[in-house]
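# Summary of structural features
One-letter residues, chain by chain:
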Amino acid sequence: MRKAAGIMLVIFGIYLIIVEAIYLSRIDSHLGAFTLLPIVFGAFIIAGGIFIVAGGILCIRKRYWGICLASTLLAVYIVIRWLINAHRILPWDWIAILGIPPIIFVCITKKEWQEISA
């Protein structure tokens, strides 16, 4: 289950980075001062995607349970944010469902990681 959670996190993180980069590339630059806000938020989301990918890789390698848990919490937060902002849902956004099961898998396998580190 730990490897499945890591793979789902990596796929979701890469998807998040790609979708946010596409969104940022379509921002109209002649809006003036209002252009800066979406760019800043988009940069934070891309950084979150990189953190989720790193958490997925650490989850596959069975290291740093806390970082893996934090990346799954961030993935769930982003999925909830996407569901609230339904106007930006793309046809292939069913991939966002991959952000929810890893938190369950990581919490279930916590004992597995504690045995290794002890």
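Remember, it's a predicted structure, so these values are computed and weren't measured experimentally.

Moving on, we get to the overall build of the protein chain. A count of helical and extended segments in the protein chain gives five helices and zero strands. Ordered by position in the sequence, the α and β elements of the protein chain form the string α-α-α-α-α. A separation of at least 24 residues holds for 73% of the contacts in the protein chain among residues at least 6 apart in sequence. Element-wise, carbon and sulfur atoms account for 74% of the exposed surface of the protein chain, whose accessible area totals about 7,300 Å².

A few words now on helix 2 (residues 36-61). The end-to-end C-alpha distance of helix 2 is 38 Å, a good match for the 38 Å that 26 residues give at a rise of 1.5 Å each. One or two residues past the end of helix 2 sits Lys-62, with phi positive at roughly 60 degrees.

Notably, Lys-62 is not glycine yet its phi reads approximately 60 degrees, a positive angle. With respect to the helices and strands, the residue Lys-62 is situated in the loop between helix 2 and helix 3 (65-84). With relative accessibility at 23%, the residue Lys-62 sits in the partly exposed group.

Quick look at the side chain of Ser-71 now. Locating Ser-71 in the fold gives a position in helix 3. Accessibility expressed as a relative area gives 0% for Ser-71, which makes it buried.

A contiguous nonpolar surface patch, about 540 Å² in accessible area, is contributed by Leu-36, Leu-37, Val-40, Phe-41 and Phe-44. By secondary structure assignment, the location of Leu-37 is in helix 2.

In this structure, Thr-72 sits in helix 3. Beyond its immediate sequence surroundings of up to four residues, Thr-72 is in contact with Leu-9, Gly-99, Pro-102, Ile-103 and Val-106.

Between helix 1 (residues 2-25) and helix 2, the least distance of the axes is 7 Å, while the angle of their chain directions is 160 degrees. The pairing of helix 1 with helix 2 is recorded here as roughly antiparallel in orientation. For the element pair helix 1 and helix 2, the recorded crossing hand is left-handed. Here the contact of helix 1 with helix 2 is built from residues that sort into 21 nonpolar, seven polar and four charged.

Across soluble globular proteins, you tend to see nonpolar side chains buried next to one another. Counting residues in each nonpolar core, the largest one holds eleven residues, listed as Leu-9, Phe-12, Tyr-15, Leu-16, Val-19, Ile-45, Ile-52, Ala-75, Ile-78, Val-79 and Trp-82. Looking at which element gives the most residues to this core, the answer is helix 1, with five residues. Residue contacts for Ala-75: discarding those within four places in its chain leaves Leu-9, Phe-12, Ile-52 and Gly-99. Counting residues in hydrophobic clusters, the runner-up holds eight residues, among them Leu-69, Val-76, Ile-103 and Val-106.

Criteria and thresholds
Residues numbered from 1 in each chain as written. Predicted model: local features only at pLDDT ≥ 70, side-chain atom pairs only at ≥ 80, totals over all residues. Heavy atoms only, no water. Helix = DSSP H or I, 4+ residues; strand = E, 2+ residues; numbered from the N terminus. Contact = heavy atoms within 4.5 Å. Areas by Shrake-Rupley, 256 points an atom, 1.4 Å probe, with all protein chains shown as cover. Expected span 1.5 Å × (residues − 1). Buried < 20%, exposed > 50% of the residue type's maximum accessible area, 1.4 Å probe, protein only. Patch = residues over 30% accessible without salt bridge, like charges linked within 9 Å, V, L, I, M, F, W, Y side chains within 5 Å. Salt bridge = Lys/Arg side-chain N within 4 Å of Asp/Glu carboxyl O. Axes fitted to C-alpha atoms, helices over the stretch in contact; angles between N-to-C directions. Parallel < 35°, antiparallel > 145°, perpendicular 65-115°, else oblique. Left-handed = near helix turned anticlockwise from the far one by under 90°. Nonpolar A, V, L, I, M, F, W, Y, C, P; charged D, E, K, R; others polar. Core = buried A, V, L, I, M, F, W, Y, C linked by side-chain atoms within 4.5 Å.

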